[in-house]
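This is what each chain is made of:
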Amino acid sequence: MTKKKKTNARERRQGQHKAPFTCEAVGLDPTVYGAALRYLFDRPVPAKGGQEWYWDSDEPEFEATPLQWTHIQTVLFANAGADLAPYSDDQVGMGLNHVMSNNAGDIPHMVNDPSVPLADAMRMVQALPALWLECLGPRLEVTGEESDKHNGRLHFVSYMWFDVWPTFWNARHIPEWQDAMWRVFCEMLAMPFRDAQMSALHGIGHEGPRLNRPKELQTHMEAFIRSVKNDDELKTYAQAAARGMVQ
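It should be emphasised that the depicted structure is a prediction, and the values quoted were computed from it without experimental measurement. (Residues numbered from 1 in each chain as written. Predicted model: local features only at pLDDT ≥ 70, side-chain atom pairs only at ≥ 80, totals over all residues. Heavy atoms only, no water.)

## A closer look at the pattern of salt bridges
Move 1: This structure, assessed with the given rule, holds 10 salt bridges.
Move 2: Between Arg153 and Glu52 there is a salt bridge; the shortest N-O distance is 3.1 Å. With Arg153 in helix α8 (residues 153-164) and Glu52 in the loop between α3 (30-41) and α4 (66-83), this pair connects stretches of sequence that are 101 residues apart.
Move 3: Note on Arg153: relative accessible area 23%, which makes it partly exposed.
Move 4: A relative accessible area of 17% places Glu52 in the buried class. (Salt bridge = Lys/Arg side-chain N within 4 Å of Asp/Glu carboxyl O. Helix = DSSP H or I, 4+ residues; strand = E, 2+ residues; numbered from the N terminus. Buried < 20%, exposed > 50% of the residue type's maximum accessible area, 1.4 Å probe, protein only.)

## Regarding the nonpolar core
Move 1: Residues Leu131, Trp132, Trp161, Phe162 and Trp165 are the most contacted members of the largest nonpolar core, which totals 82 residues.
Move 2: In terms of residue count, helix α10 (residues 175-189) provides more of this core than any other element does, nine residues in total.
Move 3: Leave out the neighbours within four places in its chain, and Trp132 touches Gly137, Pro138, Ser158, Trp161, Phe162, Met188, Met191, Phe193, Ala196 and Ser199. (Core = buried A, V, L, I, M, F, W, Y, C linked by side-chain atoms within 4.5 Å. Contact = heavy atoms within 4.5 Å.)

## What about helix α12 (residues 214-227)?
Move 1: Compared with the 20 Å implied by 1.5 Å per residue over 14 residues, the 20 Å span of α12 between its first and last C-alpha is a close match.
Move 2: When α12 is considered as a whole, its buried residues turn out to be Leu217, Met221, Phe224 and Ile225. Seen end-on, α12 carries its buried residues on one side only, within an arc spanning 100°. Residues of α12 that are exposed and angled more than 90 degrees away from the buried face: Lys215, Thr219 and Arg226. (Expected span 1.5 Å × (residues − 1). Arc of directions from axis to C-beta.)

## Overview of unusual backbone geometry
Move 1: Positioned with a positive phi, Asn212 is a non-glycine residue whose angle comes to about 60°.
Move 2: Of note in this structure, Asn230 is not a glycine but carries a positive phi near 60°.
Move 3: Relative to the assigned elements, Asn230 resides in the loop between α12 and α13 (232-242).

## Details of the side chain of Ser101
Move 1: Secondary-structure assignment places Ser101 in the loop between α5 (89-100) and α6 (118-127).
Move 2: Ser101 sits in the buried class, given a relative accessible area of 8%.
Move 3: Reaching out from Ser101, the side chain makes a polar contact with the backbone nitrogen of Asn103 at a distance of 3.2 Å.
Move 4: Sequence-distant contacts of Ser101, that is, excluding residues within four places in its chain, are made with Pro108 and Val164. (Polar contact = N/O pair within 3.5 Å; in protein donor to acceptor, adjacent residues only side chain to side chain.)

Rendered as structure tokens:
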């Protein structure tokens, strides 16, 4: 009898995120998902000083309903590590910026549309941490000559997501959204990637009061701060986030 291999913590987290979030599981046509990936990420990187593709007024819009966009984001977040592997860091940064920000489109507002059932919205938020676990965190975990990644598009998306993302802001008074976002931040703080932790702290610093759990938040932040070793910058930032004092 073959002994079953034990899974480690990361493998269990991967399984938790990926199992329910395929196109088939969420009811999304795989051809629509593939077209959305090409629309968002299969783009040339502009020359220095040039504009991203989505600022082109002649660029045709991607036709999808709010529910389809919600499902696209759900599958994308959960499977970004594999599905975005063919694209460069700059291409990923450009595409994700279009997804997270309403500066050039309405993608982040789609899940807030009244036609989207709350269950589908919550499934999308549940998938969100995997974006850092499988894609942003590993891509940004660099040292030495590649450390300039932290001045680029990918780092901007990772760090600024919960600052410029209007999605939770539009739903901040809904208890289910408050609970879901709290779980997102807790998962990200537990990840082995500093950039994921910084992004979560940035989000907590801005959105902490809207999570509607001040005592639980204080306790969790105090525990996180105690857990930080040999990283004074991260600890100081966590202390600032706990007070809502982040930029």
